[in-house]
Amino acid sequence: MTDQHSRGAWASRIGFILAASGSAIGLGNIWKFPYIVGENGGGYFVILYLVAILLVGSPIMVAEVLVGRIARTSPMDAFDRILGARTAWRGVGVLSAFTGFAILSYYSVVAGWSLHYLYLSLMNAFEGLSPDAIAGVFAKFYANGGLNLFWHFIFMVLTLSVVQAGVSRGIELAAKIIMPALLLMLLALLIYASTLPGFKPSLDFLFRFELGRVTAAGALEAVGHSFFTLSVGMGAIMTYGSYLRQKDDAVGSALTIAGLDTMVGMAATLILFPILLTAGLETKSGPGLVFVSIPLALSQFPGGQIWMICFFFLLFFAALSSAISLMEVVAASAIDSFHWPRKSASWILGIVVFLLGVPSALSGGDTVFGKPWASIFGRNFFDLFDHLASNWMLPIGGLFISLFVGWFMPADLREQGFKEGSRLAALYPVWLFILRFIAPIGLLTVFLAKLGS
Ligand code: PHE
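Here's a quick rundown of the structure. (Residues numbered from 1 in each chain as written. Predicted model: local features only at pLDDT ≥ 70, side-chain atom pairs only at ≥ 80, totals over all residues. Heavy atoms only, no water.)

What follows deals with the packing of aromatic side chains. This model, assessed by the stated rule, comprises 37 aromatic pairs. Plain terms: the ring middles of Trp-89 and Phe-400 are 6.3 Å apart, the flat faces sit at 85 degrees to each other, and that makes the pair edge-to-face. A residue pair is termed long-range when its members are at least 10 positions apart, and Trp-89 in the loop between helix 5 (75–83) and helix 6 (90–122) and Phe-400 in helix 18 (residues 381–408) qualify at 311 residues. Classification of Phe-400 by relative accessible area gives partly exposed; the value is 34%. For the pair Trp-392 and Phe-447, a centre-to-centre distance of 5.4 Å together with 15 degrees between the ring planes defines the contact as stacked. With Trp-392 in helix 18 and Phe-447 in helix 20 (residues 428–452), this pair connects stretches of sequence that are 55 residues apart. (Phe/Tyr/Trp six-rings, centres within 6.5 Å; stacked < 30°, edge-to-face > 60°. Helix = DSSP H or I, 4+ residues; strand = E, 2+ residues; numbered from the N terminus. Buried < 20%, exposed > 50% of the residue type's maximum accessible area, 1.4 Å probe, protein only.)

This is the structure in structure tokens:
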């Protein structure tokens, strides 16, 4: 059995909070959330998402942290370790590793976009460009498969350099500076956005709830995103929880992270939509949304270039700290279950992730067998991966975690795990009820509605 010491542990509870929020806060909040809000038509989608965070995502996040902290091993072995026998629950751990592969493959491509935009900002490439020209910059880059591949490669190398060195050393320190800087930057941008004429219409767009517009696909996307954004459903938070010390407050930490993460996603939409609406651009601008609206706003700013450099650097870093957690799950499975040395596990599996991401990097423009990728797979390749991973694999993983903790793990371990070190011990019955009934029934309802639609 690997003990806590040799596996590494966080130096402090705040270390766990920073690293886990580093995992949670990423492209999901700043790149993905605003653009799927736009594509789904706003209002009802945001509200469904908030409900999903409250009733499904956060309770399962708490469950994941507890499983990690109790089992102290990677998701592949965690369930069996708690039950003290070899069981079929191992399958959930295997699913986690696959989900990690799938997400990281395209995540790294989009993270590469943030590197390219960092480079463009450093070159001052947006100065004096019209809104259409700024949108054109993205379209052209998106279609350039070779350049996408290049940045995907660079980003994977950066991710692997951290993971191969071991988690708690690198991330904890970096996250202590970068995460607060990101929050400050968003706050400043939010203040700016609130002065724009497009702010008020954005609020209407984002918060008007019309029940009639809810569709099964929209509901699944909202629920799926609540998993994606919290990094829940594939063992990432479980793995980080496994480095948490027994006496640390797992419940309070998980809820703090969920709260921070939700705030960042909401802030990003409240920043980007006013910019888009003020410039008279479409809210349905798809995956390029953040890459068009930020240069648009900041290129008109005094000192805008510096702001833009900071923004894309922070976006890149937010993506890096999430990618590290994805890679960590994949690597930790091989390290803990197959006893691979950390370095080789990281690099070998990292190459697999890189190769898996190649179609996503090429999917923006290049053709295969003379046809555009999108016409063969029905959607862009990265969109297909994203759809499968966040709408199906993560929620299915989450469903199993809620069932495991709610019904199958020893009750005394569960209760003790929840209450130990926690100031929120009184919430135990509420949490258990949600975990046993509300979350699984909610998830099954949304799955069935989507399958039947
Ligand atoms: N939560 C991350 C984001 O929002 C993505 C992620 C998903 C990371 C699953 C780890 C596990 O960007």
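Here Ser-321 lies in helix 15 (residues 304–338). Taking relative accessible area as the criterion, Ser-321 reaches 2% and is therefore assigned buried. From its side chain, Ser-321 meets the backbone oxygen of Gly-22 in a polar contact 2.9 Å long. Ignoring any residue separated from it by four or fewer positions in sequence, one finds Ser-321 in contact with Gly-22, Ser-23, Ile-25, Met-179 and Tyr-240. (Polar contact = N/O pair within 3.5 Å; in protein donor to acceptor, adjacent residues only side chain to side chain. Contact = heavy atoms within 4.5 Å.)

Moving on to the pattern of salt bridges. Here the idea is simple: oppositely charged side chains can pair when their charged atoms come close. Counted under the stated rule, the structure contains nine salt bridges. Note that Asp-386 is salt-bridged to Lys-32, the shortest N-O span being 3.1 Å. Taken together, the residues span a long stretch of sequence, with Asp-386 in helix 18 and Lys-32 in helix 3 (residues 27–39) at a distance of 354 residues. In this structure, the salt-bridge partner of Arg-90 is Asp-77, at a minimum N-O distance of 2.7 Å. Of the two residues, Arg-90 is situated in helix 6 and Asp-77 in helix 5; the sequence distance between them amounts to 13 residues. Across this residue pair, the class does not change: Arg-90 and Asp-77 are buried. (Salt bridge = Lys/Arg side-chain N within 4 Å of Asp/Glu carboxyl O.)

Taken together, 15 residues form the shell around the ligand, and within it Ala-24, Gly-28, Tyr-107, Phe-228 and Ser-231 come nearest. One of the backbone N or O atoms of Thr-229 is found 3.1 Å from a nitrogen atom in the ligand. When the ligand sits alone it has 320 Å² of accessible area, and the protein chains cover 100% of it. Of all the secondary structure elements, the ones that give two or more residues to the shell around the ligand are helix 2 (13–24), helix 3, helix 11 (216–230) and helix 15. Residues of the shell around the ligand, tallied by class, amount to seven nonpolar, eight polar and no charged. (Near = heavy atom within 4 Å. Areas by Shrake-Rupley, 256 points an atom, 1.4 Å probe, with all protein chains shown as cover. Nonpolar A, V, L, I, M, F, W, Y, C, P; charged D, E, K, R; others polar.)

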